[in-house]
Amino acid sequence: MAIKIKSDREIELLRESCALAAEVLQRAGELVKPGITTDEINTFVHDMTIKAGAIPSPLNYHGFPKSVCTSVNDVVCHGIPGNQVLKEGDIINIDVTCLLNGYHGDTSRTYAVGKVSKEARQLMDVTEKSMEDGIAAVTVGGYFGDIGEAIQELADEFGYGIVREFCGHGIGRGFHEDPMVLHYRSRNRGERIREGMVFTVEPMLNAGKPGIFVEKDGWTVRTKDGSLSAQYEHTVAITRNGPEVLTQID
Ligand code: MF3
Ligand code: CO
Ligand code: CO
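This text gives an overview of the structure that appears in the document. (Residues numbered from 1 in each chain as written. Chains lettered and ligands numbered in written order. Predicted model: local features only at pLDDT ≥ 70, side-chain atom pairs only at ≥ 80, totals over all residues. Heavy atoms only, no water.)

**Structural notes on the coordination of the cobalt ion (ligand 2)**
- In this structure, Asp106 (OD), His169 (NE2), Glu202 (OE) and Glu233 (OE) serve as the protein donors to the cobalt ion (ligand 2), at separations of 2.0 to 2.2 Å.
- Around the cobalt ion (ligand 2), the six donor atoms are arranged such that angles at the metal cover 51 to 161 degrees; this shape is classified as irregular.
- In the primary structure, the donors to the cobalt ion (ligand 2) are separated according to the pattern D-x62-H-x32-E-x30-E.
- Here the cobalt ion (ligand 2) and the cobalt ion (ligand 3) are spaced 3.3 Å apart, linked through Asp106, which binds each one. Here Glu233 lies in the loop between β13 (229-231) and β14 (234-239) and His169 lies in strand β7 (residues 168-170), a separation of 64 residues in the sequence. Accessibility assignment for this pair places His169 and Glu233 in one class, buried. (Donors = N, O, S within 2.8 Å, 3.2 Å for Na, K, Ca; no water. Tetrahedral: all angles 85-135°; square planar, octahedral: opposite > 155°, others 65-115°. Helix = DSSP H or I, 4+ residues; strand = E, 2+ residues; numbered from the N terminus. Buried < 20%, exposed > 50% of the residue type's maximum accessible area, 1.4 Å probe, protein only.)

**Considering the pattern of salt bridges**
- For the structure shown, the criterion picks out 13 salt bridges.
- Note that Lys66 and Asp39 form a salt bridge whose closest N and O atoms lie 2.8 Å from each other. Here Lys66 is found in the loop between β1 (55-56) and β2 (69-72), whereas its partner Asp39 is found in helix α2 (residues 38-51), with 27 residues between them in sequence.
- Given the relative accessible area of 27%, Asp39 is considered partly exposed.
- Measuring nitrogen to oxygen at the nearest pair gives 2.8 Å for the salt bridge that ties Arg185 to Glu149. (Salt bridge = Lys/Arg side-chain N within 4 Å of Asp/Glu carboxyl O.)

**Looking at the site of ligand 1**
- Taken together, 14 residues are adjacent to ligand 1, and Asp95, His169, His176, Glu202 and Glu233 come closest.
- For ligand 1, an oxygen atom lies 3.1 Å from a polar atom in the side chain of His169.
- Contact distances for ligand 1 include 2.7 Å between an oxygen atom and a side-chain N or O atom of His176.
- For ligand 1, whose free accessible area comes to 340 Å², the fraction covered by protein is 96%.
- In the shell around ligand 1, the residues fall into six nonpolar, four polar and four charged. (Near = heavy atom within 4 Å. Polar contact = N/O pair within 3.5 Å; in protein donor to acceptor, adjacent residues only side chain to side chain. Areas by Shrake-Rupley, 256 points an atom, 1.4 Å probe, with all protein chains shown as cover. Nonpolar A, V, L, I, M, F, W, Y, C, P; charged D, E, K, R; others polar.)

**Things to note about the environment of Glu132**
- Here Glu132 is to be found in helix α3 (residues 118-136).
- For Glu132, a relative accessible area of 40% puts it in the partly exposed group.
- Taking C-alpha positions, Glu132 is 14 Å from Val181, a pair spaced 49 residues apart along the chain.

**Some details on the nonpolar core**
- Counting residues in hydrophobic clusters, the biggest one holds 28 residues, and the most contacted among them are Phe144, Ile147, Ile193, Phe199, Val201, Leu205 and Ile238.
- Listed by contribution, the elements that provide at least two residues to this core are α3, α4 (145-158), β9 (198-201) and β14.
- Element by element, the count of residues in this core is highest for α3, at six residues.
- Not counting the four nearest positions on each side in its chain, Ile147 is found in contact with Gly134, Ala137, Val138, Val181, Leu182, Ile193, Phe199 and Val201.
- Counting 22 residues, the second-largest nonpolar core is a separate cluster that includes Ile36, Val72, Leu100 and Tyr111. (Core = buried A, V, L, I, M, F, W, Y, C linked by side-chain atoms within 4.5 Å. Contact = heavy atoms within 4.5 Å.)

Next comes the structure, spelled out in structure tokens:
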């Protein structure tokens with residue numbers, strides 16, 4: 001229930017799982033091109049994670065059948081890899097989570113398949129910027145609500161719909177821990193951000209309206225209006241030196 005405060009040692013372990021997740025995501029992203037299937041991305045993520053001595057957190061998580069989420073075009077999140085062949089103009093979010101030494105690291109990006117429309121490129125760029133703005137709003141002693149405030153400020157400028165049903169989350173020994181990190185403006189500012197907290201910021205923006213539905217497979221989330229959706233995700237730790245993005249590749 002309560003937000004778990006992590007020790008320096010625990011943050012060090014989270015640094016490692018997050019670094020692995022970031023590396024796996026980057027390598028998976030390099031595979032994205034017309035003609036590849038989402039199952040091939042899944043196989044790559046699974047094998048690289050296992051070879052590194054880690055476990056892909058999504059596999060069997062509440063029954064999720066694969067090792068990574070692959071969400072194409074109007075799929076908002078939790079897309080299940082399968083025989084879908086990526087084609088020029090698609091956009092695909094790859095969401096990688098690794099369990100290493102007992103701690104999870106969680107990160108995702110949206111990739112263009114070949115050349116994409118101006119509309120798709122703008123949605124991707126603004127969604128990434130909204131994540132960055134959300135992270136930039138993180139301050140020790142500030143409020144979790146500052147994150148959603150910053151994200152909504154930017155999303156509103158472009159008329160993009162912010163998905164409300166899925167949030168960022170605390171992360172550590174648990175894949176999804178408290179608190180829920182809202183990506184939209186709320187009257188309730190939420191809890192204060194303190195040293196030792198580790199959480200994700202992972203806004204999902206729709207080119208159209210914010211509404212979503214879940215397919216009959218129980219996982220695949222799509223926009224109600226069929227519009228494109230993009231998502232970016234980082235794991236952030238509040239260290240003794242302030243906020244640190246653990247899933248950043250430099
Ligand atoms: N990685 C997702 C997140 O950012 C959660 C995926 S749960 C799964 O929180 F079961 F679909 F893998
Ligand atoms: Co997450
Ligand atoms: Co994720």
